Amino acid sequence: MRGVFVDANEALAVIMERLEKPGDPKVRIHRDPDIKPEQYPQILDGAEIAIVDHTALPTEVAKQCAGLKHVVFLGTGARSYMNPEELSQLGISVHLINGYGDTAVAESAIALMWSSARVIAMMDREMRAGNWLREDGMQLTGKTLGLIGFGGIAAEVARIASGGGMKVVAWNRSPKAYPGVEFTDLDTLLARSDVVSLHLLLNDETRGMITRETIAKMKPGVVFINTARGAIVDEQAMIDALTSGHIRHAGLDVFNIEPLPADHPLTRIPNVTLSAHSAFRTPEASENLIEAAWVHCRGIVKG
C-alpha cells in the first residue's frame, strides 16, 4: 500500500522523513504546499493513502483519484477542505488528528487575548507610522473569560488564564467538569464574560452559530478571540459590532476566506489583531502532528 504526502512544506517534509521507521508503508513526499485541487490525481498516481495538510479535495476530484482509499488530514478541521460523508460514499475514509497542537493553539489564543486587551498591535502600527499612540488597555486580572466549547485546547486556555488571575466560565454542548472552571448556559456566559474565546469544531451544527443575535448578547466592550474556524461566526455581524464598539477588540486567527484578501474589511478596522491561521504552528506541534500521521498510516496498512 502506497501513500503520498501531497502538499508538504519543507519543514513538515523533513519531520516526515526523520520519523519514518523500518517497515513503514511507502510514503512519497511531494514538496509543494501550493498545489491545486485538480493536481490530486496526477500527484497521487494511484496511491491508496493521501496525506493532506491544507489543500481542498473536492468530491468530484476525489472521484478521479483511482485507488484512493484513505485521506489522513493533518488536523481536526477537514470539513473546511473536503466533505467526509461524500468521500465515505466513494469508499474513501478520512482520518483526523486530534490533540497534537492543543498547547500551541491555546498559547496563541492567550497571546491574541493579551494583545487585544492592551491594543499592542494597534500601537505598533501607529508608532511605525510616526504616531505616538498611547491607548488605555483592559487589565485582565480579575476579569472573566468565557470559553465557548471545551475540548483539549479550551482546557489549556483555562489553565493558563486561571494562572494569570482570570475567572473562567465555559459552555459546552455536552456536560463537562474541569478544576477552577464554572460551566454555565451560553446566554449567561455571554452576559458575564469580559473576554469570549471560541473553541468549537466546524460542522453542520456549529456553522454560523455565532449570529448577530449571539453577538448582541455579549457584554458591551467585550474582547472576542477566534482560533477555531471563521465560518462559525457571522463575519458581517462581527464587523458591525467592531465598528460600533460593542466588541472592543477582536483577535482573529481564522477567516471565511483564507488567505485573507488584502482589501478585506477586517484589514481596515483598527480594533482587530490578525494572525494568518498559524495558531498551531510550533515545532513541537508539527512533531506531534507528523508522528500521529505515521501512526494513522501504520494502522491503515495493518488493517
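Relevant structure appears above.
As the structure is a computational prediction, the values presented were derived from the model and not from experiment.

Draft legend 1. The arrangement of the overall build of the protein chain in detail. Secondary structure summary: the protein chain contains eleven helices and twelve strands in total. Over its C-alpha trace the protein chain gives a radius of gyration of 21 Å, about what one expects of a compact globule, namely 19 Å for 303 residues. Along the first, second and third principal axes, the C-alpha set of the protein chain runs to 60 × 45 × 35 Å. Within the protein chain, buried positions represent 50% of all 303 residues. In the protein chain, 62% of the contacts between residues at least 6 apart in sequence involve partners at least 24 apart. Split by element, the accessible area of the protein chain, about 14,300 Å² in all, is 52% carbon and sulfur. A distance of 3 Å separates the average location of the 30 positive side-chain charges in the protein chain from that of its 37 negative side-chain charges.

Draft legend 2. How the structure looks around the pairing of strand β3 (residues 49-52). Judged by which residues are buried, β3 turns out to be covered on both faces: I49 and I51 on one side and A50 and V52 on the other are all buried. Relative to β3, strand β1 (residues 2-5) runs parallel, the two sharing three bridges. Within β3, the position partnered with F5 by the bridge is I51. As judged from the four bridges shared by β3 and strand β4 (residues 70-73), these two strands associate in the parallel manner. Bridging across to β4, I51 finds its partner in V72.

Draft legend 3. Looking closely at the packing of aromatic side chains. Summed over all chains, the structure comprises three aromatic pairs. Between the aromatic rings of F73 and Y81, the centroid separation amounts to 5.4 Å while the plane-to-plane angle is 40 degrees, which identifies the pairing as tilted. Both residues of the pair, F73 and Y81, count as buried. Following the ring pairs from residue to residue traces out a cluster consisting of F150, Y178 and F183.

Draft legend 4. Region of the structure containing the packing of helix α5 (residues 102-117) against helix α7 (residues 152-163). Two elements in contact, α5 and α7, have axes whose closest approach is 8 Å; the angle formed by their N-to-C orientations is 50 degrees. When the interaxial angle is binned, α5 and α7 end up oblique. As α5 runs across α7, the sense of the crossing is right-handed. Seen from α5, the contacting residues are D102, T103, V105, A106, E107, A109 and I110; seen from α7, they are G152, I153, E156, V157, I160 and A161. Taken together, the residues of the contact of α5 with α7 sort by class into eight nonpolar, two polar and three charged.

Draft legend 5. Main features of the environment of A231. Relative to the assigned elements, A231 resides in the loop between β10 (222-226) and α10 (235-244). Judged by relative accessible area, A231 falls into the partly exposed class, the value being 23%. As a C-alpha pair, A231 and A279 span 48 residues in sequence and 17 Å in three-dimensional space. Contact partners of A231, with chain neighbours within four places excluded, come to L202, R207, G208 and N256.

Draft legend 6. Molecular detail of the pattern of salt bridges. Applying the stated criterion to the full structure yields 14 salt bridges. Across the pair R31 and E10 runs a salt bridge, and its minimum N-O distance is 2.9 Å. Here the residue R31 occupies a position in the loop between β2 (26-29) and α2 (40-44), and E10 occupies one in helix α1 (residues 10-18), the gap between them amounting to 21 residues. Taking the relative accessible area as the measure of exposure, R31 reaches 39% and is therefore partly exposed. Overall, the relative accessible area of 46% leaves E10 in the partly exposed class. Across the salt bridge formed by R192 and E182, the nearest N and O atoms sit 3.0 Å from each other. With R192 in helix α8 (residues 186-192) and E182 in strand β8 (residues 181-183), this pair connects stretches of sequence that are ten residues apart. For E182, a relative accessible area of 38% puts it in the partly exposed group.

Reading guide: rules and limits
Residues numbered from 1 in each chain as written. Predicted model: local features only at pLDDT ≥ 70, side-chain atom pairs only at ≥ 80, totals over all residues. Heavy atoms only, no water. Helix = DSSP H or I, 4+ residues; strand = E, 2+ residues; numbered from the N terminus. Rg over C-alpha atoms; globule rule 2.2 N^0.38 Å. Buried < 20%, exposed > 50% of the residue type's maximum accessible area, 1.4 Å probe, protein only. Contact = heavy atoms within 4.5 Å. Areas by Shrake-Rupley, 256 points an atom, 1.4 Å probe, with all protein chains shown as cover. Lys, Arg positive; Asp, Glu negative; His and termini not counted. Charge placed at Lys NZ, Arg CZ, Asp CG, Glu CD. Pairing = 2+ DSSP bridges. Phe/Tyr/Trp six-rings, centres within 6.5 Å; stacked < 30°, edge-to-face > 60°. Axes fitted to C-alpha atoms, helices over the stretch in contact; angles between N-to-C directions. Parallel < 35°, antiparallel > 145°, perpendicular 65-115°, else oblique. Left-handed = near helix turned anticlockwise from the far one by under 90°. Nonpolar A, V, L, I, M, F, W, Y, C, P; charged D, E, K, R; others polar. Salt bridge = Lys/Arg side-chain N within 4 Å of Asp/Glu carboxyl O.

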